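The lines below spell out each chain.
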Amino acid sequence: MNTQPAHAASAPGKSNLKMIVTAVAAIVVIGAIALDTTVVKIGSEDDVRQQAFSPEAFGAEQFPKIQADVEKRAVAAIDLATAIAADKKAAGEKYGVATSTGPVIPVTLTGTFGERKSNTNEMKIDGLPPETVVRVQTGPAVNGTDLRDATGTIHFGQFTNQIQYQDAGSAINNEMKKAVFAGLDPDQLNGKTATVVGVFRLINPKNWLVTPVKVDVK
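Rules and cut-offs
Residues numbered from 1 in each chain as written. Predicted model: local features only at pLDDT ≥ 70, side-chain atom pairs only at ≥ 80, totals over all residues. Heavy atoms only, no water. Helix = DSSP H or I, 4+ residues; strand = E, 2+ residues; numbered from the N terminus. Expected span 1.5 Å × (residues − 1). Buried < 20%, exposed > 50% of the residue type's maximum accessible area, 1.4 Å probe, protein only. Contact = heavy atoms within 4.5 Å. Polar contact = N/O pair within 3.5 Å; in protein donor to acceptor, adjacent residues only side chain to side chain. Core = buried A, V, L, I, M, F, W, Y, C linked by side-chain atoms within 4.5 Å. pLDDT = per-residue confidence, 0-100. Axes fitted to C-alpha atoms, helices over the stretch in contact; angles between N-to-C directions. Parallel < 35°, antiparallel > 145°, perpendicular 65-115°, else oblique. Nonpolar A, V, L, I, M, F, W, Y, C, P; charged D, E, K, R; others polar.

On to helix 7 (residues 162–180), then. Think of an α-helix as 3.6 residues a turn; residues three or four steps apart then line up on the same face. The end-to-end C-alpha distance of helix 7, which contains 19 residues, comes to 27 Å, matching closely the 27 Å that a straight helix rising 1.5 Å per residue would cover. Of the positions making up helix 7, those classed as buried are Gln164, Tyr165, Ala168, Gly169, Ala171, Ile172, Asn173, Glu175, Met176 and Val180. Check the buried side of helix 7 and you find it contacts helix 3 (55–73), helix 6 (146–149) and strand 6 (207–217). Measuring from the side-chain oxygen of the N-cap residue of helix 7 to the backbone nitrogen of Ile163 gives 3.2 Å; that N-cap residue is Asn161.

In structure tokens form, the structure reads like this:
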């Protein structure tokens with residue numbers, strides 16, 4: 001006589017159904033993941049964006065481009081001072097790159113270095129109005145983001161946040177120091193004639209703080 005419970009025969013069927021349901025659920029989950037996944041090709045634009053931002057690499061890549069652009073567009077100091085005296089706004093629009101704090105203008109200075117104060121050397125330029133003070137950043141510290149903003153090709157939207165944007169400006173300044181300040185002794189510049197190519201932010205027309213991209217001491 002068979003004393004096995006009647007429901008025992010149906011157990012394998014329930015087990016199979018559970019396995020099928022589990023498998024279907026897994027397929028659904030995998031499908032959802034696949035739909036939400038973007039395949040990024042190595043070396044593509046999306047791949048570059050996903051890489052960690054390196055300020056050092058950015059500065060090394062951008063400074064030579066900025067230097068070439070500034071040298072190409074630089075305006076003689078006397079011509080620029082004349083234009084600013086005639087119409088500051090028009091001069092900024094003609095020669096500079098607009099920013100929220102004033103246009104950044106490329107300039108060529110030829111004159112004599114003067115006294116050194118707080119990482120800058122004053123420069124006397126013949127023909128410039130005597131009330132116009134020109135100071136050149138000569139390091140070791142270099143302040144501001146004038147080099148970063150000089151070409152108009154580097155924008156906040158290219159970066160993840162404000163910290164990266166600031167780091168980019170600092171890295172460009174550091175590359176400038178490597179290229180321009182190498183072999184330059186700022187403590188020995190007083191009294192020496194030189195030609196400087198650089199940029200400054202036009203805020204006070206009588207006070208130019210120039211960040212150089214090139215310094216040729218005679």
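This part takes up the nonpolar core. In terms of nonpolar packing, the biggest core is built from 43 residues, with Leu109, Met123, Phe200 and Trp208 touching the most fellow members. Elements with a minimum of two residues in this core: helix 3, helix 4 (77–86), strand 2 (104–117), strand 4 (133–137), helix 7, strand 5 (193–201) and strand 6. If we ignore the near neighbours within four places in the chain, the residues touching Phe200 are Leu80, Ile84, Pro103, Val104, Ile105, Val107, Asp146, Trp208, Leu209 and Val210.

Let us now look at the confidence of the model for the chain. This prediction gives the chain a mean pLDDT of 87; 79% of its residues lie at or above 70. Note that pLDDT drops below 50 for residues 6–10; the model gives that stretch 0 contacts with residues more than four away or on any other chain.

A few words now on the packing of helix 4 against helix 5 (residues 88–95). Interaxial distance between helix 4 and helix 5 falls to 5 Å at its minimum, and their mutual angle equals 135°. On the basis of the axis angle, helix 4 is oblique to helix 5. Only Lys88, Ala91 and Tyr95 of helix 5 make contact with helix 4, whose side of the interface consists of Leu80, Ala83, Ile84 and Ala86. Residue composition of the contact of helix 4 with helix 5, grouped by class: 6 nonpolar, no polar and 1 charged.

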